[in-house]
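A look at the structure
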Amino acid sequence: MICARCAGDTRVIDSRPHEDDPGVIRRRRECVACGHRFFTQEGTINIAGMRAKRRRAQAAYLARLDPAVKAARVAASNLRRDAKIEAEETGRPLANVMRDWSIEPATRRRPLKHTSPPFPIPRANERSVTTPNQKTTECSI
Ligand SMILES: [Zn+2]
């Protein structure tokens, strides 16, 4: 675990089960470099359960969706599918087929904004690539 403040190495001061959930380990850590102290929690995540929950939520959303909106979305999806088949069979670019058929392209999702940490995180057993090798210069007086 690296320090959240200075990216230095940390050591565990205290380790105990969480008061509310014994399946979670709570660790008190201290940065060796700057002395910053913080807690970390270690536990397991039920990914299959999370996916099942998301599927149920999606099904519930579709169940209460206006049937007219649902039908319009299905029709638009089918039209895009047919345009893709048309493009593959004729060898024409998909964008041209969609333009000729007056199909709006599916909305693109914006990529997640990547925020890099304020410091370079060195990889284990690797020299920092961001710091160039410093050469000593001779100085004559
Ligand atoms: Zn630190």
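Placed above this text is the structure.
Residues numbered from 1 in each chain as written. Predicted model: local features only at pLDDT ≥ 70, side-chain atom pairs only at ≥ 80, totals over all residues. Heavy atoms only, no water.

Focus: the coordination of the zinc ion
All of the protein donors around the zinc ion are Cys 3 (SG), Cys 6 (SG), Cys 31 (SG) and Cys 34 (SG); their distances to the metal are 2.3 to 2.4 Å. Coordination at the zinc ion is tetrahedral: its four donor atoms span angles of 100 to 115° at the metal. Between consecutive donors of the zinc ion, the numbers of intervening residues give the motif C-x2-C-x24-C-x2-C. You can see Cys 3 sitting in the segment before strand E1 (10–17) and its partner Cys 34 sitting in the loop between strand E2 (25–31) and strand E3 (37–42), a full 31 residues away along the chain. Under the relative-accessibility criterion, Cys 3 is labelled buried at 1%. In this structure Cys 34 comes out as partly exposed when scored by relative accessible area, which is 39%. (Donors = N, O, S within 2.8 Å, 3.2 Å for Na, K, Ca; no water. Tetrahedral: all angles 85-135°; square planar, octahedral: opposite > 155°, others 65-115°. Helix = DSSP H or I, 4+ residues; strand = E, 2+ residues; numbered from the N terminus. Buried < 20%, exposed > 50% of the residue type's maximum accessible area, 1.4 Å probe, protein only.)

A short note on a nonpolar patch on the surface
A surface patch of nonpolar side chains, about 330 Å² in accessible area, is lined by Ile 45, Ile 47 and Met 50. In this fold, Ile 45 is placed in the loop between E3 and helix H1 (47–64). (Patch = residues over 30% accessible without salt bridge, like charges linked within 9 Å, V, L, I, M, F, W, Y side chains within 5 Å. Areas by Shrake-Rupley, 256 points an atom, 1.4 Å probe, with all protein chains shown as cover. Salt bridge = Lys/Arg side-chain N within 4 Å of Asp/Glu carboxyl O.)

Things to note about the pattern of salt bridges
Taken as a whole and assessed by the stated rule, the structure comprises seven salt bridges. Two residues, Glu 42 and Arg 27, come together in a salt bridge whose shortest N-O distance is 2.8 Å. Here the residue Glu 42 occupies a position in strand E3, and Arg 27 occupies one in strand E2, the gap between them amounting to 15 residues. For Asp 82, the salt bridge goes to Arg 81, with nearest N and O atoms at 3.2 Å. Asp 82 sits in the partly exposed class, given a relative accessible area of 32%. A residue is classified by how much of its surface remains accessible, and Arg 81, at 46% relative accessible area, is partly exposed. One network of salt bridges, in which partners are shared, links Arg 11, Glu 30 and Arg 37.

Observations regarding the sheet that holds E1
In space, the three strands of this open sheet follow the order E1-E2-E3, with antiparallel pairing throughout. Where the open sheet ends on each side, the last strands, each with one partner, are E1 and E3. Sheet twist, expressed as the average angle between the axes of neighbouring strands with direction ignored, equals 25°. (Pairing = 2+ DSSP bridges. Axes fitted to C-alpha atoms, helices over the stretch in contact; angles between N-to-C directions.)

A short note on the packing of aromatic side chains
For the structure on display, the rule yields zero aromatic pairs. Over the ring of Phe 39 we find Arg 26, and its NZ or CZ is 3.8 Å from the ring centre. Lying over the aromatic face of Phe 39, Arg 28 brings its terminal NZ or CZ to 4.7 Å of the ring centre. (Phe/Tyr/Trp six-rings, centres within 6.5 Å; stacked < 30°, edge-to-face > 60°. Lys NZ or Arg CZ within 6 Å of the ring centre and 35° of its normal.)

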